Amino acid sequence: MKFFHTSAVIILAFFNPAVHAGCYTGGEVGDSANAMSRLRTTCQIAAPHMAGTYGPGEVRQYCLDQGSVRYNFEIQNLKRDGSQWMDPNGCYDFLAREIGCTYGGERTYPELQWYFKADPNRGSC
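Residues numbered from 1 in each chain as written. Predicted model: local features only at pLDDT ≥ 70, side-chain atom pairs only at ≥ 80, totals over all residues. Heavy atoms only, no water.

## Some words on the overall build of the chain
Spelled out, the test is: Only DSSP runs of H or I with at least four residues qualify as helices, and only runs of E with at least two residues qualify as strands; both kinds are numbered from the N terminus onward. For the exposure calls, accessible area comes from a 1.4 Å probe over protein chains only, and a residue counts as buried if that area is under 20% of its type's maximum, exposed if over 50%, partly exposed in between. In what follows, a contact means two residues having at least one pair of non-hydrogen atoms within 4.5 Å. Per-residue and other accessible areas follow the Shrake-Rupley method at a 1.4 Å probe size, with only the shown protein chains counted as cover for residues.
Each helix and strand in the chain was counted, giving three helices and seven strands. Starting at the N terminus, the α and β elements of the chain follow one another as α-β-α-β-β-β-β-α-β-β. Taking all 125 residues of the chain together, the buried fraction comes to 38%. Contacts in the chain between residues far apart in sequence, at least 24 positions, make up 62% of those at least 6 positions apart. For the chain, the exposed area adds up to about 7200 Å²; of that, 56% sits on carbon and sulfur atoms.

## A few points about the sheet that holds strand 3 (residues 59-65)
The cut-off we apply is this: Being paired, for any two strands, means DSSP has found at least two bridges between them. Helix axes are fitted only over the stretch in contact, all axes being lines through C-alpha atoms; the angle between N-to-C directions runs from 0 to 180 degrees.
Spatially, the five strands line up as an open sheet ordered 1-6-7-4-3, and their pairing is antiparallel. Only two strands of the sheet have a single partner each, and these edge strands are strand 1 (22-23) and strand 3. In terms of strand pairing, strand 6 (residues 105-109) meets strand 7 (residues 114-122) through five bridges, oriented antiparallel. For Arg-107, the partnering residue across the bridge sits in strand 7 and is Phe-116. Where helix 2 (residues 32-44) meets the sheet, its contacts fall on strand 3 and strand 4 (69-77), and the angle it forms with strand 3 comes to roughly 130°. Across the sheet, helix 3 (residues 88-99) is in contact with strand 1, strand 4, strand 6 and strand 7; its angle to strand 7 comes to roughly 45°.

## Concerning the nonpolar core
Applicable threshold: Put simply, buried Ala, Val, Leu, Ile, Met, Phe, Trp, Tyr and Cys residues joined by side-chain atoms within 4.5 Å make one nonpolar core.
By size, the foremost hydrophobic cluster in this structure holds 20 residues, and its most contacted members are Leu-39, Phe-73, Ile-75, Leu-95 and Phe-116. Elements that contribute at least two residues to this core include exactly helix 2, strand 4, helix 3 and strand 7.

## Digging into the state of the cysteines
Our working definition: Criterion for a disulfide: a pair of cysteine sulfur atoms within 2.5 Å.
Evaluation of the coordinates by the stated rule reveals three disulfides. At a sulfur-sulfur separation of 2.1 Å, the disulfide partner of Cys-43 is Cys-91. Its torsion about the S-S bond being -75°, the disulfide of Cys-43 and Cys-91 is classed as left-handed. One end of the pair, Cys-43, is in helix 2; the other, Cys-91, is in helix 3, and 48 residues separate them in sequence. The class for Cys-91 is buried, based on a relative accessible area of 0%. One disulfide bridge connects Cys-63 with Cys-125, the sulfur atoms lying 1.9 Å from each other. Between Cys-63 and Cys-125 the disulfide shows an S-S torsion of about -90°. By sign, it is left-handed. Taken as a pair, Cys-63 in strand 3 and Cys-125 in the segment after strand 7 lie far apart in primary sequence, 62 residues in all. On the basis of relative accessibility, which here comes to 25%, the residue Cys-63 falls in the partly exposed class. Sequential numbering of the bridged cysteines in the chain gives the disulfide pattern 1-5, 2-4, 3-6.

In structure tokens:
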């Protein structure tokens, strides 16, 4: 029985974004200065809009092309029973934290029920 419990915890940890919180320790290095200069537009104008009302569990993704490297952005409403509003300034502030990491990063904010990711990768969008 203990084996089942341990296996279940390992499986849940693997699929739970809260376990992978913070800066990545390796991977592609993005042009963070360029990404930061274009982030406000990404949060306010980019399609699909990264700001706005998110339905329960809704995930929005956006790819920011930087030539040979791209940033994959993701925001998710972790509430399963209700919508939440993501303000453009909140979008900017939270994604900026992840862009500030050398290799990008992702964080879950359980108290706010939001998940954010900025992940630089090789290649264009």
